[in-house]
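The residues making up each chain are set out below.
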Amino acid sequence: MTRRNSPTDSITEPVRRASSQPWFERLARLGYAAKGLVYFIIGFLAAQAAFGSRGKTTDTKGALATIVSQPFGKFLLFLVTIGIIGYVLLRIAQTVLDPEHAGEKMDAKRIATRIGYAFSGLAYAGLAVTAVKLIIGSGGGSSGNSTQDWTALFLSQPFGQWLVGLGGAMTIGVGFSYLYKAFKGKFRQQFKLTQMSNNEKTWAVRLGRLGIAARGIVFTIIGFFLIQAAKQSDASQAKGFGEVLASLEQNRFGPWILGLVALGLIAYGIYSLVQARYRQILQ
């Protein structure tokens, strides 16, 4: 009996064929490396700010601006941009194919995971556009606050406060999921463990736990600020990644707290580089 084509086959089959090509895996691994460099820079600058070495807190766009300002910066940023595009393609493939849960029953968790992949892909697509603008010299730096801009846009809509509040609750949920992931350490299963030494496995888990937990803390705080913006119907209360890092410094133990989170982000950057080498891609 011949298999009847599913209505989704017209979407999944081209993605499946493209993602099975050798170039796709190379691009995806370059994507993890680019992501790792971006987070390493964010963490390094935040650590400098925490420990009084003329650093500054910034976000992913600020990290790209830092790269382009270095010697041969445009060439380096060009390579990073190719990597970011590769990461976007990977997220698209993960959204469509959901390879890590293939064969499992579709449930709310799987749907949420695929939605998360899609939003991640959109976010990094925007980052790729910013990188291109920096390369050609048409702006795209860290000026302005896109989080506040988007919050203001949603607040101006019907039921805007509810929408922003829901976004904040979802962001907190993402943060908690990262903290849970760091605690459980199941991300270890995503690596090609047979190709890793025992020492590499140990450090991959340590770096992953510290780095993923640091991201979880930042996302949770972003969510709380979004809820505050919703309650007060004030977009200026919303804070993005860089603003949250800056806010961590503004209390009695701020430099220590920021320093710990910064070290976590540096660890996440190194962990992403380990992923670039050893992570299973669409398996």
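Rules of the game
Residues numbered from 1 in each chain as written. Predicted model: local features only at pLDDT ≥ 70, side-chain atom pairs only at ≥ 80, totals over all residues. Heavy atoms only, no water. Buried < 20%, exposed > 50% of the residue type's maximum accessible area, 1.4 Å probe, protein only. Helix = DSSP H or I, 4+ residues; strand = E, 2+ residues; numbered from the N terminus. Contact = heavy atoms within 4.5 Å. Axes fitted to C-alpha atoms, helices over the stretch in contact; angles between N-to-C directions. Parallel < 35°, antiparallel > 145°, perpendicular 65-115°, else oblique. Nonpolar A, V, L, I, M, F, W, Y, C, P; charged D, E, K, R; others polar. Core = buried A, V, L, I, M, F, W, Y, C linked by side-chain atoms within 4.5 Å. Salt bridge = Lys/Arg side-chain N within 4 Å of Asp/Glu carboxyl O. Expected span 1.5 Å × (residues − 1). Patch = residues over 30% accessible without salt bridge, like charges linked within 9 Å, V, L, I, M, F, W, Y side chains within 5 Å. Areas by Shrake-Rupley, 256 points an atom, 1.4 Å probe, with all protein chains shown as cover. Phe/Tyr/Trp six-rings, centres within 6.5 Å; stacked < 30°, edge-to-face > 60°. Lys NZ or Arg CZ within 6 Å of the ring centre and 35° of its normal.

(A) Region of interest: helix α9 (residues 241–248). For α9, the buried fraction is high: 6 of the 8 residues fall into the buried class. Phe241, Gly242, Val244, Leu245, Ser247 and Leu248 are the residues of α9 that are buried. Buried-residue contacts for α9 involve α2 (22–50), α8 (198–232) and α10 (254–278).

(B) Quick peek at the packing of α9 against α10. Interhelical geometry of α9 versus α10 gives an angle of 140 degrees and a closest axis separation of 7 Å. By the angle class used here, α9 and α10 are oblique. Residue-level inspection shows Phe241, Leu245 and Leu248 of α9 in contact with α10, the latter providing Gly254, Ile257, Leu258, Val261 and Leu265. Residues of the contact of α9 with α10, tallied by class, amount to 7 nonpolar, 1 polar and no charged.

(C) Representation of the nonpolar core in the model. Counting residues in hydrophobic clusters, the biggest one holds 69 residues, and the most contacted among them are Leu64, Phe241 and Leu245. Within the residue set of this core, elements represented by two or more residues are α2, α3 (60–68), α4 (73–97), α5 (108–136), α7 (160–184), α8, α9 and α10. Counting residues per element, this core draws most heavily on α2, which supplies 13 residues. Contacts of phenylalanine 241, omitting those with residues within four sequence positions, involve Tyr39, Ile42, Thr58, Asp59, Val218, Phe219, Ile222 and Leu265.

(D) Inspection of the packing of helix α6 (residues 146–155) against α7 at higher detail. Direction vectors running N to C along α6 and α7 enclose 140 degrees, while the axes themselves pass 7 Å from each other. Judged on the interaxial angle alone, α7 and α6 are oblique. Facing Thr151, Phe154 and Leu155 of α6, the residues of α7 in contact are Gly160, Gln161, Leu163 and Val164. Split by residue class, the contact of α6 with α7 holds 4 nonpolar, 3 polar and no charged.

(E) How the structure looks around the pattern of salt bridges. This structure, assessed with the given rule, holds 3 salt bridges. Note that glutamate 25 is salt-bridged to arginine 29, the shortest N-O span being 2.8 Å. Placement of the pair is glutamate 25 and arginine 29 together in helix α2, with a separation of 4 residues, close to one helical turn. Judged by its relative accessible area of 29%, glutamate 25 is partly exposed. Taking the relative accessible area as the measure of exposure, arginine 29 reaches 13% and is therefore buried. Here lysine 192 ties to glutamate 25 by a salt bridge, and the two come within 3.7 Å at their closest N and O atoms.

(F) Representation of α5. With 29 residues, α5 extends 42 Å from end C-alpha to end C-alpha; this agrees with the ideal 42 Å at 1.5 Å per step. Taken as a whole, α5 has its buried residues at Arg110, Arg114, Tyr117, Ser120, Gly121, Tyr124, Leu127, Ala128, Thr130, Ala131, Leu134 and Ile135. If you follow the buried residues of α5, they end up packed against α2, α3 and α4. Downstream of α5 by a residue or two, glycine 137 has a phi angle that is positive, lying close to 80 degrees.

(G) Examining a nonpolar patch on the surface more closely. A grouping of Trp150, Leu153, Phe154, Phe159, Trp162 and Leu163 is seen on the molecular surface, where their side chains present a nonpolar patch of about 770 Å² in accessible area. Residue assignment for the nonpolar patch shows that the elements contributing at least two residues are α6 and α7. The leading source of residues in the nonpolar patch is α6, at 3 residues. Summarising the element assignment, tryptophan 162 is placed in helix α7. When its relative accessible area of 70% is taken as the criterion, tryptophan 162 is described as exposed.

(H) Broad picture of the packing of aromatic side chains. Throughout the structure, instances matching the rule amount to 12 aromatic pairs. Seen from their ring centres, tyrosine 39 and phenylalanine 241 are 6.0 Å apart, and the 75 degrees between their planes marks the pair as edge-to-face. Of this pair, tyrosine 39 sits in helix α2 while phenylalanine 241 is found in helix α9, placing the two residues 202 residues apart along the sequence. Since its relative accessible area comes to 11%, phenylalanine 241 is described here as buried. Ring plane angle 65 degrees and centroid distance 4.9 Å describe the contact between tyrosine 87 and tyrosine 124, whose orientation is recorded as edge-to-face. Residue tyrosine 87 is located in helix α4, and its partner tyrosine 124 is located in helix α5; the two are separated by 37 residues in the primary sequence. Pair check on accessibility: tyrosine 87 and tyrosine 124 agree, each one buried. Over the face of the ring belonging to phenylalanine 225 we find lysine 239, whose NZ or CZ atom lies 5.2 Å from the ring centre.

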